[in-house]
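# A structural walkthrough
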Amino acid sequence: MSGEEEENAAELKIGEEFLKAKCLMNCEVSLILEHKYEQLQQTSDDPMNQVSQVFEKSLQYVKRFSRYKNPDAVRQVRQILARYQLAEFELCVLGNLCPETVEEEAIAMVPSIKTRGRAQDDEAIEKMLNDLSLIKKFE
């Protein structure tokens, strides 16, 4: 057995490289890929020649699974989640999946929000989920 600790996302033991990495929510990736797609359309007479199948499938995927479409809403979601001192991984999981309940969904999907040293209480998690819900409602 090596001296390395076993990875466990529930306890946010996901490797040092991943903890330091900047993660993007699907809605953020969608905005980036849409912008790139528009650039390709403007610079080519035949934009389909410049778009690979992987690019197109990736764009379709993130558009389909993005919970937020409006760039301002996407920015607000990241700002709200950042207030709660979440790791990038936690922030993106919550932003992508948009749980509605604390115990059944949020903690089940991201148990590390309760198990880490800066564990959030249920009221703080509920407020965070309500804030996300409001953004979605008014988008």
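Structure: above.
Residues numbered from 1 in each chain as written. Predicted model: local features only at pLDDT ≥ 70, side-chain atom pairs only at ≥ 80, totals over all residues. Heavy atoms only, no water.

Look at helix α8 (residues 122-138): 24 Å from first C-alpha to last across 17 residues, which is about the 24 Å you get at 1.5 Å a residue. Inspection of α8 places A124, I125, M128, L129, D131, L132 and I135 among the buried residues, and these make up the whole buried set. For α8, the arc enclosing every buried residue in end-on projection is 155 degrees, short of the 170-degree limit, so these residues lie on one face. Summarising the geometry of α8, the exposed residues directed more than 90 degrees from the buried face are E123, K137 and F138. Looking at the buried residues of α8, the elements they touch are α4 (71-82), α5 (88-97), α6 (102-109) and α7 (112-115). (Helix = DSSP H or I, 4+ residues; strand = E, 2+ residues; numbered from the N terminus. Expected span 1.5 Å × (residues − 1). Buried < 20%, exposed > 50% of the residue type's maximum accessible area, 1.4 Å probe, protein only. Arc of directions from axis to C-beta. Contact = heavy atoms within 4.5 Å.)

Glancing now at the environment of L81. Here L81 is to be found in helix α4. Along the sequence, L81 and L91 sit 10 residues apart, while their C-alpha atoms lie 6.0 Å from each other. Once you skip the residues sitting within four places of it in the chain, L81 turns out to touch L86, L91, L94, G95, M128 and L132.

Soluble globular proteins tend to bury their nonpolar side chains together. Counting 27 residues, the largest nonpolar core has Y68, L81, L86 and I125 as its most contacted members. Contributing elements (two or more residues each) for this core: α4, α5, α6 and α8. Top element by residues in this core is α8. It accounts for six residues. Counting residues in each nonpolar core, the second largest holds six residues, with L33, L40, V51 and V62 among its members. (Core = buried A, V, L, I, M, F, W, Y, C linked by side-chain atoms within 4.5 Å.)

This part takes up the side chain of E88. Note on placement: E88 falls in helix α5. At a separation of 3.2 Å, a polar atom in the side chain of E88 contacts the main-chain amide nitrogen of C23. Discounting chain neighbours no more than four positions away, the residues touching E88 are A21, K22, C23 and R78. (Polar contact = N/O pair within 3.5 Å; in protein donor to acceptor, adjacent residues only side chain to side chain.)

Along the chain, the position of S112 falls in helix α7. For S112, a relative accessible area of 0% puts it in the buried group. Of the polar contacts made by the side chain of S112, one reaches the side chain of E90; its length is 2.6 Å.

We now examine the pattern of salt bridges. Here the structure, examined in full by the defined rule, presents eight salt bridges. We note a salt bridge from K63 to E34, for which the minimum N-O separation is 3.9 Å. Pair noted here: K63 is in helix α3 (residues 53-65) and E34 is in helix α2 (residues 26-43), with a separation of 29 residues, a long-range link. Overall, the relative accessible area of 26% leaves E34 in the partly exposed class. Among the salt bridges present, the one from D72 reaches R75, with a minimum N-O distance of 2.6 Å. Of the two residues, D72 and R75 are both situated in helix α4; the distance of three residues between them amounts to about one turn of the helix. Relative accessible area serves as the criterion here: at 45%, D72 is assigned to the partly exposed category. (Salt bridge = Lys/Arg side-chain N within 4 Å of Asp/Glu carboxyl O.)

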